[in-house]
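# Summary of structural features
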Amino acid sequence: MVTVALWGSLRDLADGREEVEVEASNFKELLDTLQRDYPALGPQIKRGVSVAIDGRVYRNSWFTEIRPDSEVVLMPYMKGG
Amino acid sequence: MNFPAKTKTDFKVVGTRVARPDGVDKVTGRALYGADFSVPGMLTGRVLRSPHAHARIKAIDISAAEALAGVKAVITSDDFDVPEDDFLRDVQDNCIARGKALYHGHAVAAVAAKDAETARAALKLIKVDYEVLPHVTDVDAAMAADAPVVQEGRADESVPEGCGPNVTNFHEFGHGDLEAGFTKADLILERSFKTEATHQGYIEPHACLATMADGRGDLWCCTQGQFFVRELCAGIMGMEASQLRVTASEIGGGFGGKTTVFIEPLALALSRKSNRPVKIVMTRDEVFRATGPTVSSSTDVKIGMTKDGRITAGDAQLRYQGGAFPCQTVSFGAQAAFAAYDLEAVRTQGWNALANRPKEAAYRAPGAPVAIYAVESVVDELCQELGLDPMEVRLKNAARDGTKASYGPTFDQIGLVATLEAAQAHPHYTAPLGENQGRGISCGFWFNFGGNTCVSLNLNNDGTVGITEGNPDIGGSRASISMMAAEELGIPYDKVRTVITDTNSLGHNDVTDGSRVTFAVGLATIEAARAAIQVMCRRVAKIWGIDEEAVYWEDGYAKPSGPNAGNFDPMSIAEIAAIASETGGPIAGHHEVNAEGAGVSFGVHLADVEVDPETGATKVVRYTVFQDAGKAVHPDYVEGQMQGGSVQGIGWALNEEYIYGEDGKLQNDGFLDYRVPVASDLPMIDTVILEIPNPGHPYGVRGVGETSIVPPLAALSNAVSRAAGIRLHELPMSPPKILKAMMSKG
């Protein structure tokens, strides 16, 4: 299981929880499982999210490995200028 | 041939200041920009724009314009299908209004004619029946429950109940117990700030030339991302991507403002209708009125601090308006606001709202400068109130390796403390100040990212190298890419030439944004060079009749790896290239990647200003930028990015603003009334590059293009507060505002 930290405004969409536990070994499994277990997160995930894994921000690389002890933080999809 | 797994630290080419490959072309006028390309039979396109801030379009009569001699096509939104996808529909509706004109300058129709005079005459013949609607341009007014509704039904599921009808999304970040944090403070300050929208101020207006016939299109345009232009335009035009080729011109500045389309779909539609090539070149007033400036903002900040300078809690509410279409920019501001600090208790909340203004576009570190301006101003005021050294306070509270960032993740190998220490040790920090002068400091932060990148590296028959990449060069990337290829191949820089190619010649490349190109394209180039080295080592191994593992690459030569490999003379890249045909054919290396692992970047700015007590005018008398760049591939360009971002931030702080009248019309749509700082306004911007390697890149490269615009807003505000004894809480700090504040103080 991986512990995923949610940003504040997502917490209401995940039963008020700051962190959720999901079964996932990579980026894609993480997002798929989050949408399955917490359907209210679906619209935001479809609009785009980034995932910080052990301090590094990943935008959409499905097969990025996530270890059970990884620090995983959901973030809005990054863009820049 | 095995390549080093660790970040490289010994360089021969990288880190030098080689001549820029595009310099002579640009200063002699040979370089081709967006408006410089022409083809036979080309028509001139012009755009009719709304004179109202908000109006329902009841009818458009184009018959008289179409009947004018020399007019070949007239289009309105009726010439486009309505995309199902929300994002694409917004892009299209921003290019040409559908049903309602949402801001002053919003396109409502376009004409293609034999020349500009005829096109202008035709625009005057188009009759638009408008029903003028109430409008809103101020961010706080746009947030209100009774505000004029810019677009119905655009709020997403994140918007709490009770928000006004223009609020489209809400974001909250943070951790810890705020109440407990504020209880520990000896002093708590709460302040409110406002900032006006600014424009990127690129010198070159948007321009494009479109040819479309028989379902195929070619587009030449000034853009930060030809592949994204293709994606948007193909979607809007209902084309398959393969049928639209987009070529990026040279670019006279972008800074984020050329990451989308404004006129390109119009030119394509005019070409499709007229069956002729169509060129559209924006005028400067169109650039101001109808492209994408930044957000304007309204922010409340509350920070608690102990007497010895420890920040106990930070809280901020950020409200951004991003024009007439939804944007997510406040999420970046809300994440970045407190990123420089190691805080036990922190919260940021952000709301985006619609207003009757042009849709915001990215501008260097979008969303971050105005958020960090507010936080850094309050930190500075706390230091003043408590009699603390602002640098010591920042060092005491600085985020460092292992800090849980205010936006969630734990930082890994960041350079903020080193940057602060460099600033503290610099002679600028202790230099004496004159009368009416003050010194301000501010930290800055930006995320940086990588993204999709595709590079081809081809070995020519004479041993020189051609690189093809797909990101417009807006900050020196052709030089830095050539340098990294030369470094990896072990050949001189001048043996490599990098060109930017069209959308048919490479796989998809993301836009040149997010400070991504030197990081991501550089990474792909190094891997492409390594792929070519593998091919060369394999062929040399065959020539020598030994295992390919017994051949290694060094300084442009294939060499036997040791005495056991055999006694062979090293073969140079030129020798290998000369016999490529005999050894298997052309030699190339390719790499395709969605590059991840870009490292975040911090900067610290020191600004000295002098405020004229009689006029309120502020002059920047000394300015120094300290920034963690990772490995600086070409230090001149890195310094240029640091200087350029600083100057744009100085303009944001002191002069630049979108000024709207009561009628909702933009009043300063030219460089005479929207004044950017010019060289004579500024001192030399000094730079100190810190090179804390990014472990996510083989050479340790980070992005450098955006962080530098973040600190100037607060650095100048903090300097003005010390120089003039007054603290403004809004930008720009134009002379009338400063004078008024000084006179009020007496």
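It should be noted that the structure appears before, not after, this text.
Since this is a predicted model, take the numbers as computed values, not measurements.

## Structural notes on the overall build of chain A
- Regarding its fold elements, chain A presents 2 helices and 5 strands.
- Seen in sequence order, chain A has helices and strands lined up from the N terminus as β-β-α-α-β-β-β.
- Of all 81 residues assigned to chain A, the portion counted as buried reaches 58%.
- In chain A, the proportion of contacts linking residues at least 24 apart, taken out of those at least 6 apart, comes to 45%.
- Carbon together with sulfur atoms contributes 48% to the accessible area of chain A, which is approximately 3600 Å² in total.
- Between the averaged position of the 10 positive side-chain charges in chain A and that of its 13 negative side-chain charges there is a distance of 10 Å.

## Details of the overall build of chain B
- When helices and strands are tallied, chain B shows 21 helices and 27 strands.
- Its C-alpha radius of gyration of 27 Å places chain B within 12% of the 27 Å reference for a compact globule of 746 residues.
- Here the C-alpha coordinates of chain B stretch approximately 85 × 75 × 50 Å along the principal axes.
- Pairs at least 24 apart in sequence give 79% of the contacts found in chain B among residues at least 6 apart.
- Approximately 26500 Å² of chain B is accessible, and the part contributed by carbon and sulfur atoms is 49%.
- The distance from the centre of the 66 positive side-chain charges to the centre of the 94 negative ones in chain B is 3 Å.

## Here's the deal with unusual backbone geometry
All names here are of chain B.
- The peptide bond linking L731 to P732 adopts the cis configuration, its omega dihedral lying at 0 degrees.
- In this fold, P732 is placed in the loop between β27 (730–731) and α21 (735–745).
- The backbone phi angle of R364 is positive, close to 25 degrees, even though this residue is not glycine.
- On the secondary structure map, R364 appears in the loop between β15 (346–353) and α11 (368–386).
- The phi dihedral of N436 falls on the positive side, at around 65 degrees, and the residue is not glycine.
- Assessed through its relative accessible area of 30%, N436 is described here as partly exposed.

## Overview of the pairing of β15 of chain B
Residue and element names in this part refer to chain B.
- By the criterion of burial, β15 is predominantly enclosed, with 7 of the 8 residues buried.
- With 8 bridges connecting them, strand β7 (residues 167–175) and β15 associate as antiparallel partners. When the sheet's bridge partners are listed, G174 is paired in β15 with R347.
- Where strand β14 (residues 311–321) meets β15, 8 bridges bridge the pair, whose relative direction is parallel. Paired with D315 across the two strands is R347, which belongs to β15.

## Structural notes on the interface of chain B and chain A
- With 41 residues of chain B in contact, the opposing surface of chain A contributes 25 residues.
- Both sides together, the interface formed by chain B and chain A hides about 2600 Å², and carbon and sulfur atoms give 51% of it.
- Here chain B is connected to chain A by 5 salt bridges.
- Salt-bridge contacts for E360 of chain B lead to K79 of chain A; the nearest nitrogen and oxygen are separated by 3.8 Å.
- At the surface where chain B touches chain A, the tally comes to 16 residue pairs in polar contact (both at pLDDT 80 or more).
- Sorting the residues of the side of chain B that touches chain A by element identifies β7 and α10 (329–336) of chain B as the ones contributing at least two each.
- By residue number, the principal contributor to the side of chain B that touches chain A is β7 of chain B, which donates 5 residues.
- Considered class by class, the residues forming the side of chain B that touches chain A number 14 nonpolar, 17 polar and 10 charged.

## Quick look at the pattern of salt bridges
Residue and element names in this part refer to chain B.
- According to the stated counting rule, one finds 54 salt bridges over all chains in the structure shown.
- Here K273 makes a salt bridge to D79, at a shortest N to O gap of 2.9 Å. Pair noted here: K273 is in helix α8 (residues 264–274) and D79 is in the loop between β3 (71–75) and α3 (86–95), with a separation of 194 residues, a long-range link.
- Exposure remark for D79: the relative accessible area of 24% places this residue in the partly exposed category.
- Note that R727 and E381 form a salt bridge whose closest N and O atoms lie 3.7 Å from each other. Of this pair, R727 sits in the loop between α20 (712–724) and β27 while E381 is found in helix α11, placing the two residues 346 residues apart along the sequence. When sorted by exposure, R727 lands in the same class as E381, which is buried.
- A network of salt bridges, in which partner residues are shared, links R20, D22, K26, E250, D473 and R478.

## Thoughts on the side chain of Q226 of chain B
Residue and element names in this part refer to chain B.
- Along the chain, the position of Q226 falls in helix α7 (residues 226–237).
- For Q226, the side chain forms a polar contact with the main-chain oxygen of G470, separated by 3.3 Å.
- In contact with Q226, not counting residues within four places along its chain, are V246, A248, G470, P472, I500, T501 and T503.

## Things to note about the sheet that holds strand β19 (residues 496–500) of chain B
All names here are of chain B.
- Ordered in space as β19-β18-β17-β23, the 4 strands form an open sheet in which the pairing is mixed. The sheet terminates laterally at β19 and β23 (588–595), the two strands that pair on one side only. Neighbour to neighbour, the strand axes of the sheet diverge by 15 degrees on average, direction disregarded.
- Looking at chain direction, strand β17 (residues 451–459) and strand β18 (residues 465–469) are connected through 4 bridges and run antiparallel.

Each value, and the rule that gives it
Residues numbered from 1 in each chain as written. Chains lettered and ligands numbered in written order. Predicted model: local features only at pLDDT ≥ 70, side-chain atom pairs only at ≥ 80, totals over all residues. Heavy atoms only, no water. Helix = DSSP H or I, 4+ residues; strand = E, 2+ residues; numbered from the N terminus. Buried < 20%, exposed > 50% of the residue type's maximum accessible area, 1.4 Å probe, protein only. Contact = heavy atoms within 4.5 Å. Areas by Shrake-Rupley, 256 points an atom, 1.4 Å probe, with all protein chains shown as cover. Lys, Arg positive; Asp, Glu negative; His and termini not counted. Charge placed at Lys NZ, Arg CZ, Asp CG, Glu CD. Rg over C-alpha atoms; globule rule 2.2 N^0.38 Å. Pairing = 2+ DSSP bridges. Buried area = accessible area lost by both parts, 1.4 Å probe. Salt bridge = Lys/Arg side-chain N within 4 Å of Asp/Glu carboxyl O. Polar contact = N/O pair within 3.5 Å; in protein donor to acceptor, adjacent residues only side chain to side chain. Nonpolar A, V, L, I, M, F, W, Y, C, P; charged D, E, K, R; others polar. Axes fitted to C-alpha atoms, helices over the stretch in contact; angles between N-to-C directions.

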